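# Breakdown of the fold
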Amino acid sequence: MNKRLPSTVFFTRLASVITTLFGISIFVFIVLRVIPGDSITGSLGIETGALTPEQIESLRAYYGIDKSLFGQYFSWMGSFLTGDFGFAYSNGVSVLELTKSALPVTIQLALFGTIFGVILGISVGMFSASKPGSVRDFAGQFFGLLALAVPGFVLATTLVTVMANVFGYFPNGFEYMSPWEDPWMNFQQMMFPSLVLGIAVAAPVMRTTRSALLETVDKDFIRTAHGKGVKHRVVQFKHVLRNSLIPIVTMTGIQFGYLLGGAVITEKIFAMPGMGRQILDAINKREYATVQSSVMIFAIMFVLINLITDIIYRRIDPRIK
Amino acid sequence: MKRKKLAIAALAASLAVGTLAAQPAKAASTSLAIGSVLDIDKLDPHTATNFATVRALGLVYSSLIEVGPANKLKTGLATAWQFSADGKTLRLTLREGVKFHDGSTFDAVDAKASLERILDPKTTAAARANISTITSISASGRYLTLNLSVSNIPILAALDGVNMAMLSSTDIAAGKVGGTNKPNGTGAYKFESWEPTQSVKLSANPTYWMGEPKISDITIRVIPNEASILSAMNAGTIQFGIISDPLIAKQVNTRKLKLYKTPALAYYALQLNNKVAPFNDKNVRLAVQCALDRQEVVNTAMLGQGAISGPITSPAYRSSTTARPCPKADLAKAKAYLTASGKTDVTFKALVTSTGWATSVAMAQNIKAQLAKAGITMELDITDQATYVPRWLAGDFVATLANNGGRIDPDTMYTRYFTSTGNLNKVATYASSTLDANFLKGKSSAKSSVRAEAYTAISKELEDNAVWVWIATPFEYRVADKNLKNFTALTTGSLLPLRSASLG
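Residues numbered from 1 in each chain as written. Chains lettered and ligands numbered in written order. Predicted model: local features only at pLDDT ≥ 70, side-chain atom pairs only at ≥ 80, totals over all residues. Heavy atoms only, no water.

Turning to chain B, the UniProt annotation filed under Sequence similarities (unreviewed entry) states: "Belongs to the bacterial solute-binding protein 5 family." (UniProt positions renumbered as here; feature names shortened; annotations may be inferred.)

The heading Subcellular location (unreviewed entry) in the UniProt record of chain A holds the text "Cell membrane".

Right, let's talk about the domain arrangement of chain B for a bit. Residues and elements named next belong to chain B. Parsing chain B into structural domains produces domain 1 (2-183 + 476-503) and domain 2 (267-473). If you average the C-alpha positions of domain 1 and of domain 2, the two centres end up 31 Å apart. With 13 residues of domain 1 in contact, the opposing surface of domain 2 contributes 14 residues. With both sides pooled, the region where domain 1 packs onto domain 2 buries about 1000 Å², and carbon together with sulfur makes up 63% of that total. Taken together, the links from domain 1 to domain 2 amount to zero salt bridges. In this assembly, domain 1 and domain 2 are joined by three residue pairs in polar contact (both at pLDDT 80 or more). (Domains from an automatic or database assignment. Contact = heavy atoms within 4.5 Å. Buried area = accessible area lost by both parts, 1.4 Å probe. Salt bridge = Lys/Arg side-chain N within 4 Å of Asp/Glu carboxyl O. Polar contact = N/O pair within 3.5 Å; in protein donor to acceptor, adjacent residues only side chain to side chain.)

This part is about the state of the cysteines. Residue and element names in this part refer to chain B. All told, the structure shown has one disulfide over all chains when counted by the stated rule. A disulfide bridge connects Cys-290 with Cys-326, and the sulfur atoms are separated by 1.9 Å. Here Cys-290 and Cys-326 share a disulfide; its torsion about the S-S bond, 80 degrees, makes the bridge right-handed. Linking Cys-290 in helix 8 (residues 282-291) with Cys-326 in the loop between strand 14 (306-308) and helix 10 (331-341), this pair joins segments that are 36 residues apart in sequence. (Disulfide = S-S within 2.5 Å. Helix = DSSP H or I, 4+ residues; strand = E, 2+ residues; numbered from the N terminus.)

Looking now at a nonpolar patch on the surface. Residue and element names in this part refer to chain A. There is a patch of nonpolar side chains on the surface, built from Phe-138, Phe-142, Leu-146, Val-150, Phe-153, Val-154 and Ile-265 and spanning about 670 Å² of accessible area. Counting only elements with at least two residues in the nonpolar patch, the list comes to helix 6 (135-149) and helix 7 (152-167). Broken down by element, the residue count for the nonpolar patch peaks at three residues, all from helix 6. The topology assignment puts Phe-153 in helix 7. (Patch = residues over 30% accessible without salt bridge, like charges linked within 9 Å, V, L, I, M, F, W, Y side chains within 5 Å. Areas by Shrake-Rupley, 256 points an atom, 1.4 Å probe, with all protein chains shown as cover.)

As a further point, take the UniProt feature "domain: Solute-binding protein family" (unreviewed entry) in chain B. When the UniProt feature table is mapped onto this chain, "domain: Solute-binding protein family" (unreviewed entry) is found at residues 73-423 of chain B. Secondary structure content for residues 73-423 of chain B is 27% helix and 25% strand, and the end C-alpha separation is 26 Å.

Take the packing of aromatic side chains next. Tallied over the full model, the rule gives 30 aromatic pairs over all chains. Between A:Phe29 and A:Tyr73, the ring centres sit 5.3 Å apart and the planes meet at 90 degrees, which makes this aromatic pair edge-to-face. One end of the pair, A:Phe29, is in helix 1 (residues 5-34); the other, A:Tyr73, is in helix 4 (residues 69-81), and 44 residues separate them in sequence. Taking the relative accessible area as the measure of exposure, A:Phe29 reaches 6% and is therefore buried. Look at B:Phe418 and B:Trp468: their rings are 5.0 Å apart centre to centre, the planes differ by 55 degrees, and that puts the pair in the tilted class. Here B:Trp468 lies in strand 18 (residues 468-481) and B:Phe418 lies in helix 13 (residues 410-418), a separation of 50 residues in the sequence. Accessibility classification places B:Phe418 together with B:Trp468 in one group, the buried group. Ring pairing ties together the aromatic residues B:Tyr267, B:Trp392, B:Tyr414, B:Tyr417, B:Phe418, B:Trp468 and B:Trp470, which thus form one cluster. One cation-aromatic arrangement involves A:Arg33 over A:Tyr288; the distance from NZ or CZ to the ring centre is 4.0 Å. The cationic tip of B:Arg91 hangs over the ring face of B:Tyr143; the distance from NZ or CZ to the ring centre is 4.1 Å. (Phe/Tyr/Trp six-rings, centres within 6.5 Å; stacked < 30°, edge-to-face > 60°. Buried < 20%, exposed > 50% of the residue type's maximum accessible area, 1.4 Å probe, protein only. Lys NZ or Arg CZ within 6 Å of the ring centre and 35° of its normal.)

This paragraph deals with the domain arrangement of chain A. All names here are of chain A. The domain boundaries assigned to chain A delineate domain 1 (2-93) and domain 2 (95-316). Once you take the C-alpha centre of each, domain 1 and domain 2 turn out to be 31 Å apart. Taken together, the 29 residues of domain 1 in the interface contact 24 residues of domain 2. Carbon and sulfur atoms supply 67% of the area buried between domain 1 and domain 2, which totals about 2300 Å² over both sides. Between the two partners, domain 1 and domain 2, sit zero salt bridges. Run the count over domain 1 and domain 2 and you get ten residue pairs in polar contact (both at pLDDT 80 or more). When contributions to the side of domain 1 that touches domain 2 are tallied by element, the ones reaching two or more residues are helix 1, helix 2 (39-44), helix 4 and strand 1 (87-88). For the side of domain 1 that touches domain 2, the leading source of residues is helix 1, giving nine residues. Residue composition of the side of domain 1 that touches domain 2, grouped by class: 16 nonpolar, nine polar and four charged. (Nonpolar A, V, L, I, M, F, W, Y, C, P; charged D, E, K, R; others polar.)

See the structure below:
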């Protein structure tokens, strides 16, 4: 009985994931159909008014919106499950092709932003927690508050304007280069958007780190370690930080998930051809397949991030089974 | 310890300086990188409506007639034209020695096939309505003859532009236009590639009928934020920028960059729905017209970057801005009109797009504040452009702040709105037999004095009845590197003048 327990948990979790994803697919599909406009008005704008009823019918057939709602849903779901994700009419390629070029950009951006944010957030959090109530604590908390309060678009626009006007430097004005085409150019193009996203991640990570460390530092085993004469730095990193990692990992996972789906503005300002821009353009053009498939990809990634976070929990704390 | 810290600081500083110094070399002097907020959305010139698509394909395709500087018609693939005495037959003489990018020769058969493709309802061509008076086309050698159902002089202007692009009859017959087919035009630039959401690449056409362009290749790069376009121009990573936001245009440092500012043909208007209350009452419409200080809208919401306009913005027949019941704001007159309407309290909702153009919401807020002084309450119904368009098309509004495209000829600009059979009359919400008669008069005559008379009468009727409240025309901005020579900005927004431009 005990041996079967993990598989029961696995299947229960799998069923809940599939139900969630199915619910999301239905929700997005309905929301897109409820809002006014369709692929024709999204593509032609006010010129739609110049079309005859026959022309409109012909375009409805072209975009596949002449089918019943069930027909449209199952046709798209079929495309999604078979891996081509539907057709992006305004780009003349399948959504899979679009996603193949946009998703790596967003993942790289989110990854760089998260790494930068975590390093900065944990460092400032540790610095702040090392002497609660002191000037350094105040400085750390002030940084956290500032990073939370300054909107990303303000920081991004300021950075772009200053770098371009003062230093004549704006690598994002060049064509986007993947790390395989030109790693150095890719690094330069990723640097500033990652910095902007990283600062946004650093703030909650810093606050979480600070409170988790302050909670752990009062624990008996820390006093014991100090009493045994273990070096202060070793106690800080090996005992205090390690035992405070659970909330930090949770916060990092959440922030990484947000970055994957929420870097739209940063992608726009830095001209990064990522998923945020893809989904925003598709909403404006009422490209149903692109929006639906992109949202599903985000949802699947969120599920995967949760899974990875769970695995990391187990690695950090063997008591979690 | 101190040394270690110093070494780390030195390493960090050298990395930063190295990164700044290591910015890639700017594009070669014969290459031009253009920054555009929008990406193209298709490769079929006849169905293109997106500004970015129209601009990019305008460099790849040619039309029979072109609109040049000062909005004058000039020769394109047609070198001469002649109307019959009754104005119902137009004979065009085509240019010799023109080649498509695939090497085939352009002739009258291609021109006939192209126009027939536009006229075919299955094509869903954007400009089909503008040439729908063509009943038959004949091609013979260098000559193309268009037979028209009515005398239609403005059809000449309608033959300009990407939507009237000349295609290869072989491509049309083989269904090789649009979709994933590589565009094959007769234009100044050959289409090389399109990377969706990133860039379009073009190369100079060595056999172009005006001679090979001096700029050897053009990359239109998608930079979806106008402030970033300006930053890229300041950093020298792009050499040409397309901007619409007056706030960004005002930040252009003209010591470093060239700013081309031309009054657009497009116009902003507060469209009033003449069929529903309260605007089914002419006096209420006039009250709104009189309560509005257009210059204040231009000065505040548009940051002074616009010109007050009447209905017709076509340069040759531009409406007078003083020939209207209230050329300037007149609150006493506005209140008198309200009294005449018998209404003491007028409240209405105005549909406003938040994403249609940069100053839309600011303009709406200013108009709202101005109307409040006359006792008229305008509530804002703000929505995104994709939601705005279907509501606008359905006439689903009491009033709406609109940014409508203009044309160089008033006939193609307004026939579709203000004739009783116009396909956008549902949006215009006003038609009359006198308007129909005047549009017919303007369309049928080749004499500019007769045409001017007709369009002045049309303008007067629209203003006297306050059918809509026309406000202003914005400016079109092009920002270029100082090294760009021989470029002339056109009111149509076309990039075609780049064919004669050079860098350095």
